[in-house]
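Reading the structure
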Amino acid sequence: MCSGSLPLSFEGNGRFVATDANPGNLQTRIYKTWEYSKGDLTLHDNTEKQSNPVSLETIYQSIMEHREESKSESRRTQLACRKMHIQIRRVAKTCSEFATRMEEVETRISHLEDEAGSQQVTREAMEKQLEDTHWKLTNLEDRLRRNNLRVMGIPEGAEGSDTHSFMVALFKEAFPDLQQWDWDREIQRAHRFPFNRAGLTPAGVIVRSRAMLISLLNFQARQAVYDRARPNSRSKAKGCEFFVWPDFCHTTVEKRWRLRQLIQPLQNKGAQVFLLNPAKLKVVMDNRTQYFTSEVKARAFLGGLGGQGS
């Protein structure tokens, strides 16, 4: 503010009042009052007279200084508004980009969910197909072994160097009622199983004789031998007691072993249990017959019996 100028205040109705800036005379009113009307600034005298009159030039300078300050403040406000507007546009652009990216992410997630769902269905189908294929391979291998028998109990070395002739003589002596079968022709192959660790001591001494594997030409001949020499009805010939087992693949043997573990618990519940070939559990209870080929389902049935039985 210029020297000699006074601060102005606006009282309304076009009236400006200048106050003396002198610290000792701050509350005194200026003796002149200006009225602004229709573009003219008119000076009127007040009734109160002061010893320090203010000139019209001083008041005009004060008004112009206030005007310049107002313009400067307005320009600063406008500049700040422009900067704020620029920032708002940047934020809006960033939000728009984020919205676009979010839409892209949602689209990709939707595609991934669809693919995951289809892959889940595909995986389940493949697992089912693998299970079916495994069952078919197991069934095929068991059918290829259908005419085979495992003869247990023959001492090691009793067959000499000709296993086929030994088995022919053994069957003729053990099963005289099966003379309709020409065992020399029916027995296609006969040999012992290879050694395994369970049948040998650390020094290599045989502690358990190996089973004999024979392959018969006809299933009927195989079944006739099996019915007469199964584990619960042993046969004797050539000074040895023996019995026969069906020849199944390794998978079926393990499955039969797991099902066999359930026979005694089911019998304790009062059920009649039979292990059928190749690997099927027959359970007769309360005049109802059920068959189980799965150990899981058989255990579930056993668990459902609760406290029944002795």
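Below: a short report on this structure. (Residues numbered from 1 in each chain as written. Predicted model: local features only at pLDDT ≥ 70, side-chain atom pairs only at ≥ 80, totals over all residues. Heavy atoms only, no water.)

**With respect to the pattern of salt bridges**
Selection rule: Put simply, a salt bridge is a Lys or Arg side-chain nitrogen that is within 4 Å of an Asp or Glu carboxyl oxygen. Secondary structure is summarised from DSSP: a helix means a run of H or I of at least four residues, a strand means a run of E of at least two, and numbering begins at the N terminus for each. Here the term buried applies to any residue with accessible area under 20% of the maximum for its type, exposed to any over 50%, and partly exposed to those in between, with areas from a 1.4 Å probe on protein chains only.
Under the defined criterion, the tally for this structure stands at 13 salt bridges. Residue Arg-76 pairs with Glu-73 through a salt bridge whose shortest N-O separation is 2.4 Å. Pair noted here: Arg-76 and Glu-73 are both in helix 1 (residues 56-144), with a separation of three residues, about one helical turn. Exposure remark for Glu-73: the relative accessible area of 42% places this residue in the partly exposed category. Of the charged contacts in the structure, one is a salt bridge between Arg-192 and Glu-159, with a shortest N-O distance of 2.9 Å. Of this pair, Arg-192 sits in strand 6 (residues 187-192) while Glu-159 is found in the loop between strand 5 (148-152) and helix 2 (163-174), placing the two residues 33 residues apart along the sequence. Of the two residues examined, Arg-192 and Glu-159, each falls in the buried class. Each of Glu-141, Arg-145, Arg-150 and Asp-247 takes part in salt bridges that share partners, so that together they form one network.

**What about helix 1?**
Test applied: Any helix carries an expected span of 1.5 Å times its number of residues minus one.
Compared with an ideal rise of 1.5 Å per residue, which puts 89 residues at 132 Å, helix 1 spans 128 Å between its outermost C-alpha atoms and is within 8% of the ideal. Taken residue by residue, helix 1 has Thr-58, Ile-59, Ser-62, Glu-65, Thr-138 and Asp-142 as its buried positions.

**Examining the packing of aromatic side chains**
Test applied: Aromatic rings from Phe, Tyr and Trp, with only the six-membered ring used for Trp, were paired whenever their centres fell within 6.5 Å, and each pair was classed as stacked if the ring planes differed by under 30 degrees, edge-to-face if by over 60, and tilted otherwise. Either the NZ atom of lysine or the CZ atom of arginine qualifies as a charge over a ring when it sits within 6 Å of the ring centre and within 35 degrees of the ring normal.
By the definition in use, this model includes four aromatic pairs. Between Phe-171 and Phe-175, the aromatic rings sit 5.4 Å apart at their centres with planes inclined by 75 degrees, giving edge-to-face as the arrangement. The residues Phe-171 and Phe-175 share a single accessibility class, namely buried. Ring geometry for Phe-175 and Phe-242: centres 6.3 Å apart, planes at 85 degrees, overall edge-to-face. Remark: Phe-242 occurs in strand 9 (residues 240-246) and Phe-175 occurs in the loop between helix 2 and helix 3 (183-186); sequence separation between them is 67 residues. There is no split in this pair, since Phe-175 and Phe-242 are both buried. Pairwise contacts between aromatic rings join Phe-171, Phe-175, Trp-183 and Phe-242 into one cluster. When the ring centre of Tyr-226 is taken as origin, the NZ or CZ atom of Arg-222, which lies over that ring, is 5.3 Å away. Over the face of the ring belonging to Tyr-291 we find Lys-280, whose NZ or CZ atom lies 5.6 Å from the ring centre.

**With respect to the environment of Ala-158**
The condition is simple: Residue contacts are counted whenever heavy atoms from the two residues lie within 4.5 Å of one another.
With respect to the helices and strands, the residue Ala-158 is situated in the loop between strand 5 and helix 2. The exposure class of Ala-158 is partly exposed, given its relative accessible area of 38%. For the pair Ala-158 and Cys-240, spaced 82 residues apart in sequence, the C-alpha separation works out to 9.2 Å. Not counting the four nearest positions on each side in its chain, Ala-158 is found in contact with Phe-166 and Arg-192.

**Comments concerning the pairing of strand 5**
To be explicit about the condition: Two strands qualify as a pair provided that DSSP identifies no fewer than 2 bridges between them.
Two elements, strand 5 and strand 7 (residues 212-216), share four bridges in a ladder whose sense is antiparallel. Within strand 7, the position partnered with Arg-150 by the bridge is Leu-213. Relative to strand 9, strand 5 is paired through four bridges, and the arrangement is antiparallel. Residue pairing in the sheet places Arg-150 in a bridge with Trp-245 of strand 9.

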